[in-house]
Amino acid sequence: MDFRKVAIIGVNCISVSMALGLKGQKDPPEIVGYDPNAVRADLARARGAFDQVERNPGRACENADLVIVAVPLPDIQEIFVAIAPHLQAGCLVTDTARLKGPVLRWANELLPERVSFVGGHIIPNPAVVGFDPLEELDAASADLLKESLYCFTAPAHTSAKIINALTRLAEVLEAHHLFIEVDEHDGLQAGIEGLPDLLAIALLRATVRTAGWQEMRKFAGYRFALATEAAGDAPRRHATIFLNRENILRRLNLLLSELMYLRDLLSQEDTAPLEEAFLTANEGRSHWLEEREQGMWIRSDALGERKTSSAGKQIGRLIFGERMLGWLTKDLDSSRER
């Protein structure tokens, strides 16, 4: 599938970097952009990301082969409603949200059957971006997405043509593609985004809402501010947590078990078990930070087979899941050997 016209709905660092990466091709597509903030859309066009800017999301999608929805998660439903009547038959629609289950449901409910939808989530290489939030357009560039991890969550009926088109899209951006089941993706997100948000809220409720806060606040400084930073965007974060609540509840139960374990250690007279718990946790964190600095989360042994596998295997993963497909492949290989 060759993309002659691409519509990008929503202007942010990731979507503009995608546009610049597509523009870097020998025969680039026409790219039309839209954002509710017209100034941001015009800035992206001035950067060379867009050939044209529309003031209406539906018009931006007309005659597009590929539509990339890059608005915040709570706004995706409204965008789907707005663009649905304007999508041509055979169009591929994807998104960039960090949560995939709700987006897939909305796409199934609101987008017409004449188009295909596959969820997308780009994770920049930590060796390139570090811990930068990537919120400003100044950070956008085609190089930003090189060696990134481009996750796709596709329905089981997704055709080989669409799978190959998505694989090609990742290759154009010089990213590693990863087809992952939606439940697995959102389950992983629950641990690294949902729990920190809830911890920040719990910490604030256990401090600023207590009788001793008027005196306690005099001692609060950088560490307290850092630990509670996630509460700063409460309206959007609470909506994301609620949409992923089943996965987060499972992670929350594990966290509660760990808190109870630490409570039990504190109730003992012996300090050694508590010290061991701190040391073990610190070792895990240090190892994670070391891997992030080197970009080692993209490992050839983990992704190489997925990156080079055929469309048939990609679709097999979507239909059967990773574990079941592994069993089926193993049985098939055994029968061939016999």
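Placed above this text is the structure.
Going along each chain's sequence as written, the residues are numbered from 1 onward. Given that the model is predicted, a residue must reach a pLDDT of at least 70 before its local features are reported, and side-chain atom pairs must reach 80 or more before they are shown or counted; all residues, however, enter totals for whole chains, interfaces and linings. Side-chain measures were taken over the full set of non-hydrogen atoms in the model, leaving aside hydrogen atoms and water.

Undergrad: Please clarify how the overall build of the protein should be interpreted in this entry.
TA: Helix and strand labels come from DSSP, where a helix needs a run of H or I of at least four residues and a strand needs a run of E of at least two; each type is numbered from the N terminus. Tallying secondary structure elements over the protein gives 16 helices and nine strands in all. The contact definition used throughout considers only heavy atoms, calling two residues in contact when any of these lie within 4.5 Å. For the protein, long-range pairs separated by at least 24 residues make up 74% of all intrachain contacts whose partners lie at least 6 apart in sequence. Shrake-Rupley sampling with a 1.4 Å probe provides the accessible areas, and residues are treated as covered by the protein chains on show and by no other component. Only carbon and sulfur atoms are counted for the fraction: they give 53% of the accessible area of the protein, which is about 19,200 Å².

Undergrad: Can you help me understand the nonpolar core in this one?
TA: Where a protein is soluble and globular, its nonpolar side chains tend to be buried together. By nonpolar core we mean a set of buried residues, namely Ala, Val, Leu, Ile, Met, Phe, Trp, Tyr and Cys, connected to one another through side-chain atoms within 4.5 Å. Relative accessibility decides the category of a residue: with a 1.4 Å probe and only protein chains considered, values under 20% of the type maximum give buried, values over 50% give exposed, and everything between is partly exposed. Ranked by size, the top nonpolar core spans 41 residues in total, and within it Val6, Val16, Met18, Phe50 and Tyr150 carry the most contacts. Beyond its immediate stretch of four places on either side in the chain, valine 16 contacts Val11, Ala44, Ala49, Leu137 and Ala140. By size, the runner-up hydrophobic cluster in this structure holds 28 residues, among which are Leu73, Leu104, Ala107 and Leu111.

Undergrad: Could you clarify how one ought to interpret the packing of aromatic side chains in this entry?
TA: Given two aromatic rings, one states the distance between the centres and the angle between the planes to describe the pair. A pair of Phe, Tyr and Trp rings is counted when the ring centres sit within 6.5 Å of each other, with Trp represented by its six-membered ring. The angle between the planes then sorts it: under 30 degrees is stacked, over 60 is edge-to-face, the rest tilted. One pass over the structure, following the stated rule, counts four aromatic pairs. For the pair tryptophan 213 and phenylalanine 224, a centre-to-centre distance of 5.7 Å together with 35° between the ring planes defines the contact as tilted. Residue tryptophan 213 is located in helix α9 (residues 213–216), and its partner phenylalanine 224 is located in helix α10 (residues 222–227); the two are separated by 11 residues in the primary sequence. In this analysis the charged atom, NZ for Lys or CZ for Arg, is taken to sit over a ring once it is within 6 Å of the ring centre and within 35 degrees of the ring normal. Over the face of the ring belonging to phenylalanine 242 we find arginine 245, whose NZ or CZ atom lies 4.2 Å from the ring centre.

Undergrad: Is there a simple way to explain the pairing of strand β7 (residues 119–123) in this structure?
TA: Remember that side chains alternate between the two faces of the sheet whenever the strand is regular. Most of β7 sits inside the fold, with four of its five residues counted as buried. In this description, strands pair whenever DSSP reports at least two bridges between them. Across five bridges, β7 lies against strand β8 (residues 149–153) in antiparallel orientation. Looking at the pairing, glycine 120 lines up with phenylalanine 152 of β8.

Undergrad: Hey, could you run me through the packing of helix α12 (residues 245–266) against helix α13 (residues 272–294) in this one?
TA: Geometry of a packed helix pair, given as the angle between the helix axes and the separation of the axes. Angular values range over 0 to 180 degrees, each being the angle between N-to-C directions of two axes fitted as lines to C-alpha atoms, with helices fitted over their stretch in contact. Closest axis-to-axis distance for the α12/α13 pair is 8 Å, and the angle between their directions is 145°. α13 is crossed by α12, and the crossing has left-handed handedness. In contact with Leu262, Leu265 and Leu266 of α12, α13 contributes Pro273, Leu274 and Ala277. Crossing handedness follows the turn of the near helix against the far one: under a right angle anticlockwise gives a left-handed crossing, and clockwise gives a right-handed one.

Undergrad: Looking at this model, I keep getting lost on the sheet that holds β8. Mind explaining?
TA: Either a parallel or an antiparallel arrangement is found when strands of a sheet pair, and the pairing is made through backbone hydrogen bonds. Pairing is mixed in the open sheet, where three strands are placed in the order β7-β8-β9. The open sheet is flanked by β7 and β9 (176–179), the only strands paired with a single partner. For this sheet the average axis-to-axis angle between neighbouring strands, irrespective of direction, equals 20°.

Undergrad: Is there a simple way to explain the pairing of strand β2 (residues 30–34) in this structure?
TA: With four of its five residues buried, β2 lies for the most part within the structure. Remark: the strand β1 (residues 5–9)/helix α1 (residues 13–23)/β2 crossover connection has right-handed handedness. Alignment of β2 against strand β3 (residues 52–53), held across two bridges, turns out to be parallel. Looking at β3, one finds that valine 32 is bridged to glutamine 52. In this fold, the crossover linking β2 to β3 by way of helix α2 (residues 38–46) has right-handed handedness. The crossover handedness rule: strands pointing away from the viewer, path from first strand over the helix to second strand clockwise, crossover right-handed.

Undergrad: What am I meant to see in the layout of surface pockets here?
TA: With a probe scaled to a water molecule rolled over the atoms, the places where space remains empty come into view. Counted as a void, the second largest pocket has a volume near 470 Å³. Forming the boundary of the second largest pocket are 22 residues, of which Asn108, Phe117, Pro155, His157 and Thr158 lie nearest the centre. Within the residue set of the lining of the second largest pocket, elements represented by two or more residues are α5 (101–110) and β6 (116–117). Sort the elements by how many residues they give to the lining of the second largest pocket and α5 lands first, with three residues. Charged residues are taken to be Asp, Glu, Lys and Arg, nonpolar residues to be Ala, Val, Leu, Ile, Met, Phe, Trp, Tyr, Cys and Pro, and polar residues to be all remaining types, Gly included. Looking at side-chain class alone, the lining of the second largest pocket contains 14 nonpolar, six polar and two charged residues. A 1.4 Å probe that fits into a set of points on a 1 Å grid over the protein atoms alone but cannot get out defines a cavity; an open set with protein on both sides within 12 Å along at least five of seven lines defines a pocket, and lining residues are those with an atom within 4 Å of a point. Grid points are joined across faces, edges and corners, and a volume is the space filled by probe spheres set on the points.

Undergrad: What should I look at first to understand the packing of helix α8 (residues 182–205) against α12 in this one?
TA: Interhelical geometry of α8 versus α12 gives an angle of 55° and a closest axis separation of 8 Å. Between α8 and α12, the crossing angle belongs to the class labelled oblique. Taken as a pair, α8 and α12 cross one another with a handedness that is right-handed. Side by side, α8 and α12 meet where Asp183, Asp186, Gly187, Ala190, Gly191, Gly194, Leu195, Leu198 and Leu199 of the first sit next to Asn247, Ile248, Arg251, Leu252 and Leu255 of the second. Across the contact of α8 with α12, the residue classes tally to seven nonpolar, four polar and three charged. Just so you know how the angles are binned, under 35 degrees is roughly parallel, over 145 roughly antiparallel, 65 to 115 roughly perpendicular, and the rest oblique.

Undergrad: Whenever I open this one, α12 confuses me. Can you help?
TA: At 3.6 residues per turn, the α-helix brings residues three or four places apart onto the same side. For α12, which comprises 22 residues, the first-to-last C-alpha distance of 30 Å matches the rise-based estimate of 32 Å (1.5 Å per residue) to within 8%. Looking only at α12, the buried set comprises Asn247, Ile248, Leu255 and Leu265. Down the axis of α12, the buried side of the element spans an arc of 85°, and every buried residue falls inside it. Exposed residues on α12 whose side chains face more than 90 degrees from its buried face are Glu246, Arg250 and Arg263. Contacts from the buried residues of α12 go to α8, α11 (234–243) and α13. One less than the residue count of a helix, multiplied by 1.5 Å, gives the span that helix is expected to have. The directions from the helix axis to the C-beta atoms are what the arc is built from.

Undergrad: In this structure, what is going on with helix α7 (residues 160–172)? I would like to understand it.
TA: Helix length check: α7 (13 residues) gives 18 Å between terminal C-alpha atoms against 18 Å at 1.5 Å per residue, within 8%. Taken together, the buried positions of α7 are Ile162, Ile163, Ala165, Leu166, Thr167, Leu169, Ala170 and Val172. Looking at the residues trailing α7, positive phi occurs at glutamate 174, about 60°.

Undergrad: Would you explain a nonpolar patch on the surface in this entry?
TA: Grouping into patches uses exposed residues only, defined as over 30% relative accessible area, and leaves out salt-bridged ones; the cut-off is 9 Å for like charges and 5 Å for nonpolar side chains (Val, Leu, Ile, Met, Phe, Trp, Tyr). Here, a salt bridge means any side-chain nitrogen of Lys or Arg that lies within 4 Å of a carboxyl oxygen of Asp or Glu. A surface patch of nonpolar side chains, amounting to about 340 Å² of accessible area, comprises Leu256, Leu259, Tyr261 and Leu262. Turning to its location among the elements, tyrosine 261 is positioned in helix α12.

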